[in-house]
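The lines below spell out each chain.
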Amino acid sequence: AGPYELQYYNGDNRTVLASVSIEVSAAIVELDAPDQIGQGRYVTVTWTGPGARYDSVQFFDPRARAGEGRVAHEKRVRSGDLDNSKVTLPSAAKPGDYELRYYNGDNRTVLLTRPITVVPIELSIDAPESVETETTFSVSWKGPGARYDAVQIWDPAGRGGNGRSVSEKRVSSGDIDAQTVNLTAPKKAGNYELRFIYGDNNAVLFARPLVVQ
């Protein structure tokens, strides 16, 4: 904010041919959102601000990168509900203290910051302790239930001990109301894991053993 000039500049002669004074007033910038959100849940933020083409609302993790912080999730205001000044974006998989920020993209400047706390939610996977190879079985889950979340069978011995997913089903592709999905056991017997995956960053929110025999 402050006094500026608009100038008409002639590039060939490097001369300002005309100018007019202009006053830039301080923008009203606000972010309205819950003070707390469950881990992995989506948060809807109502914003007031310039609304410029590259402006965005950011979900910021101040503890990341050894305290330097990083933008965990971001949504351009023009990709949200521009008329009602709302955006919806993921929160974080890990509980803790975070920030919501209004970011002015043209000037790469954070115009407003406000705190938001991610709180734990109930996480569980209910399924048989053991299943036979290549059989289909039902898994009940409790978790965020976001659009990319999934329940998977994980083979910890896969890829030379690095582990790999051998079967996976998005929760939105199962019975979302009953919070169940159907999975098919692998062909090879052994010790596996059932995992609940937070799809927006592939974080493992919950894991439990599964024996395939």
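Nothing here was measured: the structure is a model prediction, and the numbers come from that model. (Residues numbered from 1 in each chain as written. Predicted model: local features only at pLDDT ≥ 70, side-chain atom pairs only at ≥ 80, totals over all residues. Heavy atoms only, no water.)

Engineer: What exactly am I supposed to notice about the sheet that holds strand β12 (residues 130-131) here?
Structural biologist: Strand-to-strand pairing in sheets goes through backbone hydrogen bonds, with the strands running parallel or antiparallel. With mixed pairing, 5 strands are arranged side by side in an open sheet as β12-β18-β17-β14-β15. Of all the strands in the sheet, just β12 and β15 (164-170) have a single pairing partner and so form its edges. By the bridge criterion, 2 bridges tie β12 to strand β18 (residues 203-212) in an arrangement that is parallel. If you follow V131 over to β18, its bridge partner there is V212. (Pairing = 2+ DSSP bridges. Helix = DSSP H or I, 4+ residues; strand = E, 2+ residues; numbered from the N terminus.)

Engineer: In this structure, what is going on with the nonpolar core? I would like to understand it.
Structural biologist: If you look at soluble globular proteins, the nonpolar side chains tend to sit buried side by side. Formed by 22 residues in total, the largest nonpolar core has its most connected members in F137, V139, V151 and L194. Counting residues per element, this core draws most heavily on strand β17 (residues 190-198), which supplies 4 residues. Once residues within four sequence positions are removed from consideration, L194 is found in contact with I125, A127, F137, Q152, I153, L183, F206, A207, R208 and L210. With 18 residues, the next largest nonpolar core counts V57, F59, V77 and I116 among its residues. (Core = buried A, V, L, I, M, F, W, Y, C linked by side-chain atoms within 4.5 Å. Buried < 20%, exposed > 50% of the residue type's maximum accessible area, 1.4 Å probe, protein only. Contact = heavy atoms within 4.5 Å.)

Engineer: What is the right way to look at the pairing of strand β5 (residues 42-48) in this model?
Structural biologist: The side chains of a regular strand alternate between both faces of the sheet. In β5, alternate side chains face the same way, and those of V43, V45 and W47 are buried while those of Y42, T44, T46 and T48 on the opposite face are not. Here strand β3 (residues 30-32) runs beside β5; their pairing, made up of 3 bridges, is antiparallel. Across the sheet, the residue bridging to L31 is W47, located in β5. Judged from the 5 bridges that link them, β5 and strand β8 (residues 86-90) form a sheet pairing that is antiparallel. Its bridge partner being in β8, V43 is matched across the sheet by L89.

Engineer: Sorry, what's going on with the sheet that holds strand β10 (residues 109-119) here?
Structural biologist: With respect to topology, 5 strands assemble into an open sheet ordered β4-β10-β9-β6-β7, the strand pairing being mixed. Each having just a single partner strand, β4 (36-38) and β7 (70-76) make up the two edges of the open sheet. In this sheet, adjacent strand axes meet at a mean angle of 35 degrees when their direction is disregarded. Where strand β6 (residues 56-61) meets strand β9 (residues 96-104), 5 bridges bridge the pair, whose relative direction is antiparallel. Across the sheet, Q58 pairs through a bridge with R101, a residue of β9. (Axes fitted to C-alpha atoms, helices over the stretch in contact; angles between N-to-C directions.)

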